[in-house]
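Listed here are the chains, written in short residue letters.
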Amino acid sequence: GAGVSQSPSNKVTEKGKDVELRCDPISGHTALYWYRQSLGQGLEFLIYFQGNSAPDKSGLPSDRFSAERTGGSVSTLTIQRTQQEDSAVYLCASSQGRLRGAQYFGPGTRLLVL
Amino acid sequence: SQQGEEDPQALSIQEGENATMNCSYKTSINNLQWYRQNSGRGLVHLILIRSNEREKHSGRLRVTLDTSKKSSSLLITASRAADTASYFCATDLPGGGADGLTFGKGTHLIIQP
């Protein structure tokens with residue numbers, strides 16, 4: 001079946017603008033994760049959704065970051081008033097939930113804040 | 001928070017040779033996973049080893065886990081040019097907490113033809 005998809009693939013924005021990044025997880029996967037990867041670095045965990053439960057937002061770097069997941073499927077990560085340090089690849093992953101198994105990653109959204 | 005650390009940071013070998021990468025971590029884990037990343041985009045899951053397992057194989061991949069030393073190794077045998085990528089270990093904490101996986105900074109592997 002289809003894998004995790006993310007849109008847009010690339011996003012260039014001006015400092016101070018808001019951006020929305022979208023993630024479509026694998027059908028049937030109840031867990032959804034957002035990560036951020038800066039150039040040459042490992043992944044930084046941002047937020048996790050399990051089904052329709054309220055997410056744990058403790059990994060979000062600032063209150064400019066928010067995320068929602070509608071109907072336990074598609075998720076949107078919103079960054080308000082973007083800053084240059086927000087430039088990174090934003091990766092979404094899904095998994096089958098509380099089994100704590102493999103995560104399946106999307107291709108990512110490369111965000112550049114000018 | 002704890003973090004996996006891969007070693008070496010970069011590795012260049014000839015095609016056909018074996019490549020070994022190591023990962024160390026700091027606290028107890030539920031499982032440890034290895035991922036591959038090409039060209040800085042999406043990660044591909046390679047193998048998962050649970051805390052009560054010591055060795056696992058998948059094709060040309062062999063993973064070991066030593067919980068007493070809090071370390072793991074990934075061996076790729078008979079390397080190919082297509083194995084050129086960054087390899088990350090990721091640790092999953094026990095208790096099913098909402099922390100996601102904790103990734104190291106990766107080993108960049110280059111296979112010379």
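Being a predicted model, the structure only gives us computed values, none of them experimental.

Peer 1: Outline the sheet that holds strand 6 (residues 55–58) of chain B, supporting the account with residue identities and numerical values.
Peer 2: Residues and elements named next belong to chain B. Taken together, the five strands give an open sheet; going across it, the order is 1-3-8-7-6, and neighbouring strands pair in antiparallel fashion. Every other strand in the sheet has two partners, leaving strand 1 (5–7) and strand 6 as the edge strands with one partner each. Within the sheet, the average angular offset between the axes of one strand and its neighbour, ignoring direction, is 20 degrees. In the sheet, strand 3 (residues 19–24) pairs with strand 8 (residues 71–76) via six bridges, with the strands oriented antiparallel. In the sheet register, Cys-23 faces strand 8, and the bridge partner there is Ser-72.

Peer 1: Break down the pairing of strand 4 (residues 31–37) of chain A for me, citing the residues and quoting the values.
Peer 2: Residues and elements named next belong to chain A. With seven of seven residues buried, strand 4 is to be regarded as a mostly interior element. Of the two faces of strand 4, the one holding Ala-31, Tyr-33, Tyr-35 and Gln-37 and the one holding Leu-32, Trp-34 and Arg-36 are both buried throughout. Summarising the sheet, strand 4 and strand 5 (residues 43–50) pair through seven bridges and their orientation is antiparallel. Counterpart to Ala-31 in the pairing with strand 5 is Gln-50. Two strands pair when backbone bridges link them, and strand 4 and strand 8 (residues 88–95) are joined in this way by seven bridges, in the antiparallel orientation. Among the inter-strand pairings, Gln-37 is bridged to a residue of strand 8, identified as Val-89.

Peer 1: Provide a residue-level description of a nonpolar patch on the surface, including the pertinent values.
Peer 2: Residues and elements named next belong to chain A. On the surface, a cluster of nonpolar side chains totalling about 280 Å² of accessible area is made up of Val-12, Leu-112 and Leu-114. Along the polypeptide, Leu-112 turns up in strand 10 (residues 109–113). By relative accessible area, Leu-112 is classed as partly exposed at 41%.

Peer 1: Describe the pairing of strand 3 (residues 19–24) of chain A, with residues and values.
Peer 2: All names here are of chain A. With burial as the criterion, only one face of strand 3 is covered, namely that bearing Val-19, Leu-21 and Cys-23; the residues Glu-20, Arg-22 and Asp-24 on the opposite face remain uncovered. In this sheet, strand 3 lies alongside strand 1 (residues 5–7) in antiparallel orientation, the contact comprising three bridges. What sits directly across from Ser-5, in strand 3, is Asp-24. Where strand 3 and strand 7 (residues 75–79) come together, five bridges link them in antiparallel fashion.

Peer 1: I'd like a description of the state of the cysteines, backed by residues and values.
Peer 2: By the definition in use, this model includes two disulfides over all chains. Paired by a disulfide, Cys23(A) and Cys92(A) hold their sulfur atoms 1.8 Å apart. Between Cys23(A) and Cys92(A) the disulfide shows an S-S torsion of about -65 degrees. By sign, it is left-handed. Here Cys92(A) lies in strand 8 and Cys23(A) lies in strand 3, a separation of 69 residues in the sequence. Comparing Cys23(A) with Cys92(A), the two get one shared label, buried. Put simply, Cys23(B) and Cys89(B) are joined by a disulfide, and their sulfur atoms are 2.0 Å apart. Looking along the S-S bond of the Cys23(B)-Cys89(B) disulfide, the torsion reads about 65 degrees, which is the right-handed sense. Of this pair, Cys23(B) sits in strand 3 while Cys89(B) sits in strand 9 (residues 85–92), placing them 66 residues apart in sequence. One exposure class covers both Cys23(B) and Cys89(B), and it is buried.

Peer 1: Break down the side chain of Thr64(B) for me, with residues and values.
Peer 2: Residues and elements named next belong to chain B. By the element assignment, Thr-64 lies in strand 7 (residues 61–66). A polar side-chain atom of Thr-64 sits 2.6 Å from a polar atom in the side chain of Ser-73. With residues up to four places along the chain from it excluded, the contact list for Thr-64 reads Ile-49, Arg-54, Glu-55, Ser-71, Ser-72 and Ser-73.

Peer 1: Now, about the side chain of Gln37(A): what can you tell me, with residues and values included?
Peer 2: Here Gln37(A) shows up in strand 4. In this structure the side chain of Gln37(A) is engaged in a polar contact, spanning 2.8 Å, whose partner is the side chain of Gln37(B).

Peer 1: Hey, could you go over the confidence of the model for chain B for me, with residue numbers and the actual values?
Peer 2: Confidence along chain B averages 90 in pLDDT terms, with 92% of residues attaining 70 or more. When pLDDT is averaged over each helix and strand of chain B, the minimum, 85, is found for strand 1 of chain B and the maximum, 98, for strand 7 of chain B.

So, how was this worked out
Residues numbered from 1 in each chain as written. Chains lettered and ligands numbered in written order. Predicted model: local features only at pLDDT ≥ 70, side-chain atom pairs only at ≥ 80, totals over all residues. Heavy atoms only, no water. Pairing = 2+ DSSP bridges. Helix = DSSP H or I, 4+ residues; strand = E, 2+ residues; numbered from the N terminus. Axes fitted to C-alpha atoms, helices over the stretch in contact; angles between N-to-C directions. Buried < 20%, exposed > 50% of the residue type's maximum accessible area, 1.4 Å probe, protein only. Patch = residues over 30% accessible without salt bridge, like charges linked within 9 Å, V, L, I, M, F, W, Y side chains within 5 Å. Areas by Shrake-Rupley, 256 points an atom, 1.4 Å probe, with all protein chains shown as cover. Salt bridge = Lys/Arg side-chain N within 4 Å of Asp/Glu carboxyl O. Disulfide = S-S within 2.5 Å. Polar contact = N/O pair within 3.5 Å; in protein donor to acceptor, adjacent residues only side chain to side chain. Contact = heavy atoms within 4.5 Å. pLDDT = per-residue confidence, 0-100.

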